[in-house]
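# Per-entry structural report
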Protein chains: 2
Amino acid sequence: MHVTLKTIAEEAGVSITTVSRALAGYGDVNEQTRRRIIEIAERLGYQPNLAARHLRSKRTYTIGMVIPRTAHYSDPFFMELVAGVGKQASEHGYDLLLSAQMQGEEELSAYRRMVAGGRVDGMIVARVLWQDPRIAYLRQVYHPFVAFGRTEDPAHPYIDVDGAEGMYQLVAHLVEYGHERIALIQSPRELAFTADRCGGYRRGLEAFDLPYREEYVIQGNLTRHSGRLAAEKLLALPTPPSAIIACNDLMALGASEAVHARGLRVGRDVAIAGFDDIPEATTATPPLTTVRQPIYGIGHRLVDMLVRLMQHEEVDNTQVLLQPELVIRASSGTPPTR
Amino acid sequence: MHVTLKTIAEEAGVSITTVSRALAGYGDVNEQTRRRIIEIAERLGYQPNLAARHLRSKRTYTIGMVIPRTAHYSDPFFMELVAGVGKQASEHGYDLLLSAQMQGEEELSAYRRMVAGGRVDGMIVARVLWQDPRIAYLRQVYHPFVAFGRTEDPAHPYIDVDGAEGMYQLVAHLVEYGHERIALIQSPRELAFTADRCGGYRRGLEAFDLPYREEYVIQGNLTRHSGRLAAEKLLALPTPPSAIIACNDLMALGASEAVHARGLRVGRDVAIAGFDDIPEATTATPPLTTVRQPIYGIGHRLVDMLVRLMQHEEVDNTQVLLQPELVIRASSGTPPTR
DNA sequence: ATTGAAATCCAAAACGTTTTGGAGTACCCT
DNA sequence: AGGGTACTCCAAAACGTTTTGGATTTCAAT
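Residues numbered from 1 in each chain as written. Chains lettered and ligands numbered in written order. Predicted model: local features only at pLDDT ≥ 70, side-chain atom pairs only at ≥ 80, totals over all residues. Heavy atoms only, no water.

## Here we look at the overall build of chain A
Here is the rule we go by: Numbering of helices and strands runs from the N terminus, with a helix taken as a DSSP run of H or I at least four residues long and a strand as a DSSP run of E at least two residues long. For the radius of gyration, the atoms used are the C-alpha atoms, and the globule rule reads 2.2 Å times the number of residues raised to 0.38. For the exposure calls, accessible area comes from a 1.4 Å probe over protein chains only, and a residue counts as buried if that area is under 20% of its type's maximum, exposed if over 50%, partly exposed in between. We call two residues in contact when some of their heavy atoms are within 4.5 Å. A 1.4 Å probe and the Shrake-Rupley method give the accessible areas. Residues count as covered only by the protein chains that appear here. Think of it this way: Lys and Arg go in the positive column, Asp and Glu in the negative one, and His and the chain ends go nowhere. By convention, charge coordinates are those of NZ in Lys, CZ in Arg, CG in Asp, or CD in Glu.
When helices and strands are tallied, chain A shows 13 helices and 12 strands. Against the 2.2 N^0.38 benchmark of 20 Å for 338 residues, chain A shows a C-alpha radius of gyration of 26 Å, more extended than a compact globule. Taken along the three principal axes of its C-alpha coordinates, chain A extends 90 × 35 × 35 Å. Going through the 338 residues of chain A one by one, you find that 56% of them count as buried. Of all intrachain contacts in chain A linking residues separated by at least 6 positions in sequence, the fraction that spans at least 24 positions is 67%. A total accessible area of about 15,100 Å² is found for chain A, and carbon and sulfur atoms account for 50% of it. Within chain A, one finds 36 positive and 40 negative side-chain charges whose respective centroids are separated by 4 Å.

## Structural notes on the layout of surface pockets
Spelled out, the test is: A 1.4 Å probe that fits into a set of points on a 1 Å grid over the protein atoms alone but cannot get out defines a cavity; an open set with protein on both sides within 12 Å along at least five of seven lines defines a pocket, and lining residues are those with an atom within 4 Å of a point. Grid points are joined across faces, edges and corners, and a volume is the space filled by probe spheres set on the points. When residues are sorted by character, Ala, Val, Leu, Ile, Met, Phe, Trp, Tyr, Cys and Pro go into the nonpolar class, Asp, Glu, Lys and Arg into the charged class, and all the rest, Gly among them, into the polar class.
In this structure, the largest pocket occupies an estimated 1,700 Å³ of space. Around the largest pocket sit 47 residues that line it, and A:H2, A:Q47, B:V115, B:A116 and B:G118 are the ones nearest its centre. For the lining of the largest pocket, the elements supplying multiple residues, two or more each, are α2 (16-24), α3 (31-44) and α4 (50-57) of chain A together with α4 (50-57), α6 (105-115), α7 (133-140) and α13 (295-310) of chain B. Here the second largest pocket defines a volume of roughly 1,300 Å³. Forming the boundary of the second largest pocket are 49 residues, of which A:P76, A:P279, A:E280, B:P279 and B:E280 lie nearest the centre. Contributions of two or more residues to the lining of the second largest pocket are made by α5 (76-91), α11 (249-261), α12 (279-283) and α13 (295-310) of chain A together with α5 (76-91), α12 (279-283) and α13 of chain B. Looking at which element gives the most residues to the lining of the second largest pocket, the answer is α11(A), with 5 residues. Here the lining of the second largest pocket is built from residues that sort into 21 nonpolar, 15 polar and 13 charged.

## Re the state of the cysteines
Such a bond, covalent and formed between the sulfur atoms of two cysteines, is termed a disulfide. What counts is decided by this rule: Cysteine sulfur atoms that pair up within 2.5 Å are treated as a disulfide.
Considering all chains together, one arrives at 0 disulfides over all chains under this definition. Here A:C198 stays free of any disulfide, with the sulfur of A:C247 as its closest cysteine sulfur at 4.7 Å.

## Remarks on the relation of the copies chain A and chain B
The test is simple: Here the copies are matched by least squares. The fit uses the C-alpha atoms of residues with pLDDT of at least 70 in both.
The two copies are related by a screw motion: chain A maps onto chain B through a turn of 180° and a shift of 0.1 Å along the axis, at an RMSD of 0.1 Å. Here the transformation between the copies is reduced to the relation of a two-fold axis. Comparing interface residues between copies, 100% of those in chain A also sit at the interface in chain B, which points to an isologous, same-surface contact.

## Let's talk about the pairing of strand β1 (residues 62-68) of chain B
Residues and elements named next belong to chain B. Rules: At least two DSSP bridges between two strands are needed for those strands to be called paired.
Burial analysis of β1 places 6 of its 7 residues in the buried class, the great majority of the element. Bridge count for β1 against strand β3 (residues 122-126) is 3 bridges, and the pairing is parallel. Paired with I63 across the two strands is G122, which belongs to β3.

## Things to note about the protein's contact with DNA strand C
In plain terms, the rule: Neighbouring residues are identified by heavy atoms, a residue being near a molecule or strand if any of them is within 4 Å of it. For this analysis, a polar contact is any N or O atom pair within 3.5 Å, provided that within protein one partner can donate a hydrogen and the other can accept it, and provided that sequence-adjacent residues contribute only side-chain to side-chain pairs.
DNA strand C sits among 24 residues. The nearest are A:L5, A:S20, A:Y46, B:T17 and B:T18. The sugar and phosphate moieties of DNA strand C supply 58% of its atoms located within 4 Å of the protein. The backbone of A:L5 places a nitrogen or oxygen atom 2.7 Å from a phosphate oxygen of DNA strand C. A:R56 is positioned with one of its side-chain polar atoms (N or O) 2.8 Å from a base oxygen of DNA strand C. Elements supplying a minimum of two residues to the surface near DNA strand C: α2 and α4 of chain A together with α2 (16-24) and α4 of chain B. In terms of residue count, α2(A) provides more of the surface near DNA strand C than any other element does, 4 residues in total. Residue composition of the surface near DNA strand C, by class: 9 nonpolar, 9 polar and 6 charged.

## Remarks on the interface of chain A and chain B
We apply this condition: By definition here, a salt bridge exists when the distance from a side-chain nitrogen of Lys or Arg to a carboxyl oxygen of Asp or Glu is within 4 Å.
Across the boundary between the two partners, chain A contributes 42 residues, which contact 42 residues of chain B. Taken together, chain A and chain B are joined by 6 salt bridges. With its nearest N and O atoms 3.0 Å apart, the salt bridge here joins A:R69 to B:E91. Summed over the shared surface of chain A and chain B, the number is 19 residue pairs in polar contact (both at pLDDT 80 or more). Within the residue set of the side of chain A that touches chain B, elements represented by two or more residues are α4, α5, β2 (95-101), α6 (105-115) and α12 of chain A. If one sorts the elements of the side of chain A that touches chain B by residue count, α5(A) sits on top with 8 residues. Taken together, the residues that form the side of chain A that touches chain B break down as 17 nonpolar, 16 polar and 9 charged. Where β2(A) meets strand β2 (residues 95-101) of chain B, 3 bridges bridge the pair, whose relative direction is antiparallel. Paired with A:L97 across the bridge in β2(B) is B:L97.

## Digging into α2(A)
Among the residues of α2(A), the N-terminal cap falls to A:S15, whose side-chain oxygen and the backbone nitrogen of A:T17 are separated by 3.3 Å. Backbone geometry just after α2(A) places A:G25 at a positive phi near 85°.

## Focus on the nonpolar core
Nonpolar side chains in soluble globular proteins tend to be buried together. Note the threshold: Nonpolar cores were defined as sets of buried Ala, Val, Leu, Ile, Met, Phe, Trp, Tyr and Cys residues, with membership established by side-chain atoms within 4.5 Å.
With 66 residues, the main nonpolar core has A:I63, A:M65, A:L98, B:I63, B:M65 and B:L98 as its most contacted residues. Contacts of A:L98, omitting those with residues within four sequence positions, involve A:M65, A:I67, A:V82, A:M114, B:V82, B:D95, B:L96 and B:L98.

## Considering the pattern of salt bridges
Note on pairing: side chains with opposite charge can pair once their charged atoms come close. Per the counting criterion, the structure on display carries 50 salt bridges over all chains. Notably, a salt bridge pairs B:R113 with A:D95, separated by 2.9 Å at the nearest N-O pair. Linking B:R113 in helix α6 with A:D95 in strand β2, this pair reaches from one chain into another. With relative accessibility at 28%, the residue B:R113 sits in the partly exposed group. A:R134 is the salt-bridge partner of A:D132, the closest N and O atoms lying 2.6 Å from each other. Note on accessibility: A:D132 and A:R134 belong to one class, buried. It is possible to trace a salt-bridge network through shared partners that takes in A:R224, A:R228, A:E232, A:E257 and A:E280.

## Topic: the packing of α5(A) against α13(A)
Residue and element names in this part refer to chain A. Short version of the rule: Only the stretch in contact is used when a helix axis is fitted, and all axes are lines through C-alpha atoms; the angle between N-to-C directions ranges over 0 to 180 degrees. When describing relative orientation, an angle under 35 degrees is termed roughly parallel and one over 145 degrees roughly antiparallel, while 65 to 115 degrees is termed roughly perpendicular and anything else oblique. Left-handed describes a crossing in which the near helix is turned anticlockwise from the far one by less than a right angle; the clockwise case is right-handed.
Contact geometry for α5 and α13: axes closest at 7 Å, N-to-C directions at 45°. With respect to each other, α5 and α13 are oriented oblique. α5 and α13 meet at a crossing whose hand is right-handed. Across from F77, E80, L81, A83, G84, V85, K87, Q88 and A89 in α5, the residues of α13 making contact are I295, Y296, G299, H300, L302, V303 and D304. Across the contact of α5 with α13, the residue classes tally to 9 nonpolar, 4 polar and 3 charged.

## Notes on the protein's contact with DNA strand D
Around DNA strand D, 24 residues are found, and the nearest of them are A:T18, B:L5, B:S20, B:Y46 and B:R56. Near-protein atoms of DNA strand D (within 4 Å) split between backbone and bases, with sugar and phosphate holding 58%. The separation between a phosphate oxygen of DNA strand D and a polar side-chain atom of A:T18 is 2.8 Å. Interatomic distance of 3.1 Å between a side-chain N/O atom of A:D28 and a base nitrogen of DNA strand D. The element contributing the most residues to the surface near DNA strand D is α2(B), with 4 residues.

Listed below in structure tokens is the structure:
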């Protein structure tokens, strides 16, 4: 039989109220009674029914997060983020409710289920879109959330990495290494960080008096495969670029494959750079030059901020822009010898 | 204001019961009434309160999983598993409740919170221990679960990979490549798969008339760092081994570092092999010879089996032993030339 | 006209908790 | 004796849903 407050109350000869208040640590129950109740609760292995508690108190101590349901394998960016968020959530006494959904309508209905269904106290939103319906929804219902990524349009709590600055540094780095034909494999336009990063790329070119060439900018969709396809197109141009920057590491790794497949060597014949610094960037051959986003640590900070928002504490700064860190590895070649 | 069944009932001029039954699709409500109710529900954006539903119906459509709360970074094995489980859970209409906990008492109390607290319909247990208190608990309360890993002691539903066979194949492979001094970096004894894998190692040695040498077996704790330490000890022996097998990939990668640090080359001077085939195994330098556990796919199958158990369907086989697949890469060297 | 069955609806209970608004006692101070 | 305070305790309501066990109406068949 399942043991409830009622079981304990009968065993102890007190009311349900008293048991509840004894276990919750209220001051209005005799110390001796409390000890007896606690002893009985432990002996019977009492576990509060959380559904009942949530129903009554409206607090779930759960954080929600929806991740993309990809066809076959796992996205290292999201897995790293889940790890960071899950760890820090536990640290604060929260569990993490995960739902993997196809992007679009299905995803939004998962948000509604979690939020309006009262299953979570707050949400983490990752990979923000340009006009993000998820953020619009959360704002509309005044539900606590923090996003990894920013949009200017409606201001909201976020943590983000300065992608423009990161891209600028990449361009500067490649120019220093002697490159003048620098291509870009772009992320989908609807992603909020795309404009940011592409802006940094353009600003970099301008700063070093390099022309912006239409044919050097190709659209990818963040997957390794799309990076490979894009790089193949670039390398087949009459005047192929000597360096390729991808908007994320996965596409950069795909581009490396394309370079290999052409019989060229990454870092010597073609320089490659990515963005994110996923674990694989370190161990790839050659290791990938990239811009570091401390994803795991950002997961921590997202939760820290969200926990304070959920508890309606004063948060000094709900819009955090982190400075990126250029990580130079072998894929961008060797410094020019002078 | 929050919209509940009551709101809709008032708007439609019917009872709460009727609204509930209309939305649930019961046959005892007039088709016209049903349509009106559904129209109102959609117009008001009704979302059922899941806590209330769970409290009453005892079904949560949630699967629980506890992962280790490691100090700093994410364990690729668990992240891969979470990805597979999360994806397939969504496919079945389930969400995934994750809790990151330190192993031991804290972990067990997370199990109790989820199970006895009525938050989940079933659990996935990963990295099974020799006499696993989590499994003992789940069996005691008759709660549905499936484990990744097996213990003989109490029989339970599981999916596992035949570690003994995998290890045997690794040894055979290394012997074929000319090795006679094959060391083992062992996983912690309390893990269920340790006995399995070590047994395969011994059986392999015996089959090829190689001696089992105490000093060639060193204890690790599954982390990269422990693999490195173990390999350093092995390489410092008077007669160091020519090949090292680690019980998981992470330790094998650590061992590679130790080999590098000694100025030796992995694959030429010392052969290294691991177990798991995590994503990094492919991209490491040199790529790691290992035994493949299709972790993502196992996540799928765990959920498939669990869903059937939770719905009390007949399950033909609740104990699945998968045959492993030897994946030969450069870290074990080149075939002998004859 | 009566009966029976089918179709449609609903009041009330139940799930297990927290919270509200006191009630009862004991004791001390005037 | 009366009034105040501190300390313990509790009945009942509330959270929003599902389910139980009818009640009512309609209509066709006798």
